[in-house]
Amino acid sequence: MTQHITQISSARTDEYVTIIAPSLGAVMAQFRARGLGAKGYSIAGPSARHQFSYAGENAAKEPKQENLFGGVPMVAATFRRARTA
């Protein structure tokens, strides 16, 4: 657990943007439209189809999670920019 907390703490200087869209083409179009490449962002890992659920504040009391996007799988890609201290 301590190692995980250390990794999170050291990553706080970096900035992340996750784009969710119906297709990888739409994700990349949004990446270009926002000029993220020119701002120093690069892809942080593989982009893949995900199904998203929102747990909310009452997740422990309500085991049924709310499906986002109507339960339709979407492509998510996370982009990272290292911040210089």
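Residues numbered from 1 in each chain as written. Predicted model: local features only at pLDDT ≥ 70, side-chain atom pairs only at ≥ 80, totals over all residues. Heavy atoms only, no water.

What to know about the overall build of the chain
Here comes step 1: Along its length, the chain carries two helices and six strands.
Here comes step 2: Reading the chain from its N terminus to its C terminus gives the helix and strand order α-β-α-β-β-β-β-β.
Here comes step 3: Residue pairs in contact within the chain that sit at least 24 positions apart in sequence constitute 72% of those at least 6 positions apart.
Here comes step 4: Looking at the chain as shown, the accessible area adds up to about 6,400 Å², and 54% of this sits on carbon and sulfur atoms. (Helix = DSSP H or I, 4+ residues; strand = E, 2+ residues; numbered from the N terminus. Contact = heavy atoms within 4.5 Å. Areas by Shrake-Rupley, 256 points an atom, 1.4 Å probe, with all protein chains shown as cover.)

Structural notes on the side chain of D14
Here comes step 1: Summarising the element assignment, D14 is placed in the loop between α1 (2-11) and β1 (15-21).
Here comes step 2: Here R80 takes part through its side chain, which lies 2.8 Å from a polar atom of the side chain of D14. (Polar contact = N/O pair within 3.5 Å; in protein donor to acceptor, adjacent residues only side chain to side chain.)

As for the packing of aromatic side chains
Here comes step 1: In total, this model carries two aromatic pairs according to the counting rule given.
Here comes step 2: Pairing F52 with F69 gives two aromatic rings, centres 5.8 Å apart and planes at 80 degrees, and the pair type is edge-to-face. Linking F52 in the loop between β3 (48-50) and β4 (53-54) with F69 in the loop between β5 (66-67) and β6 (74-81), this pair joins segments that are 17 residues apart in sequence.
Here comes step 3: Overall, the relative accessible area of 18% leaves F52 in the buried class.
Here comes step 4: With relative accessibility at 42%, the residue F69 sits in the partly exposed group. (Phe/Tyr/Trp six-rings, centres within 6.5 Å; stacked < 30°, edge-to-face > 60°. Buried < 20%, exposed > 50% of the residue type's maximum accessible area, 1.4 Å probe, protein only.)

Examining the confidence of the model for the chain
Here comes step 1: Of all residues in the chain, 74% have pLDDT values of 70 or greater, and the mean over the chain is 83.
Here comes step 2: The lowest-confidence element of the chain is α1, averaging 53 in pLDDT; the highest-confidence one is helix α2 (residues 24-33), averaging 97. (pLDDT = per-residue confidence, 0-100.)

Describing the pattern of salt bridges
Here comes step 1: Applying the stated rule across the entire model yields three salt bridges.
Here comes step 2: Between R81 and E15 there is a salt bridge; the shortest N-O distance is 2.3 Å. Of this pair, R81 sits in strand β6 while E15 is found in strand β1, placing the two residues 66 residues apart along the sequence.
Here comes step 3: Here E15 and R83 are joined by a salt bridge, their closest N and O atoms 3.7 Å apart. Here the residue E15 occupies a position in strand β1, and R83 occupies one in the segment after β6, the gap between them amounting to 68 residues. (Salt bridge = Lys/Arg side-chain N within 4 Å of Asp/Glu carboxyl O.)

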